[in-house]
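Observations on the model geometry
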Amino acid sequence: MGIILTSLLASKGGTVNIVCHDAEEAARLERDRQVTVLNQKVALPDNVKIHASIPEMEEDSILTVAVSSRELEDTVDRMVHAFSGHRGVIVLFTKGLPSHSARRKFGVYTFCDYM
């Protein structure tokens, strides 16, 4: 899901940053500049920058995050710590629903659209 969102955002212009789980994955993505999603090769445009850790966020940025619902709480914890003191918007996309405790802890508003 993250690669598809990255590609869609990158097609609109501007720089899009993608953060990988680890340095090895980031190096592979940087080298290959493509990913296989549902047996389809998806090329990463040149304006996609690949990182092994969360980059600095500029003021008034929009951060779009796509993770599984199992990874949501840990991911939000890391982002809140990394971006404390910054002003901006964080938009989360998740496959599945976050737990009730995660929704309460982070004040998450949920919207579900079934395709």
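Whatever comes next refers back to the structure up there.
Residues numbered from 1 in each chain as written. Predicted model: local features only at pLDDT ≥ 70, side-chain atom pairs only at ≥ 80, totals over all residues. Heavy atoms only, no water.

Examining the overall build of the protein chain
When helices and strands are counted, the protein chain shows 4 helices and 6 strands. Listing the helices and strands of the protein chain from first to last along the sequence gives α-β-α-β-β-β-β-α-β-α. Buried positions account for 23% of the 115 residues belonging to the protein chain. For the protein chain, long-range pairs separated by at least 24 residues make up 71% of all intrachain contacts whose partners lie at least 6 apart in sequence. Summing over all exposed atoms, the protein chain offers an accessible surface of approximately 8,500 Å²; the carbon and sulfur share of this is 53%. (Helix = DSSP H or I, 4+ residues; strand = E, 2+ residues; numbered from the N terminus. Buried < 20%, exposed > 50% of the residue type's maximum accessible area, 1.4 Å probe, protein only. Contact = heavy atoms within 4.5 Å. Areas by Shrake-Rupley, 256 points an atom, 1.4 Å probe, with all protein chains shown as cover.)

Quick notes on a nonpolar patch on the surface
Side chains of Val-89, Val-91 and Phe-93 sit close together on the surface and give an oily, nonpolar patch of about 210 Å² of accessible area. Within the secondary structure, Val-89 sits in strand 6 (residues 88–95). (Patch = residues over 30% accessible without salt bridge, like charges linked within 9 Å, V, L, I, M, F, W, Y side chains within 5 Å. Salt bridge = Lys/Arg side-chain N within 4 Å of Asp/Glu carboxyl O.)

Some remarks on the pairing of strand 1 (residues 16–19)
The two faces of strand 1 differ: Val-16 and Ile-18 on one face are buried, but Asn-17 and Val-19 on the other face are not. Direction of pairing for strand 1 relative to strand 4 (residues 48–51): parallel, over a ladder of 4 bridges. Bridge pairing links Val-19 to His-51 in strand 4. (Pairing = 2+ DSSP bridges.)

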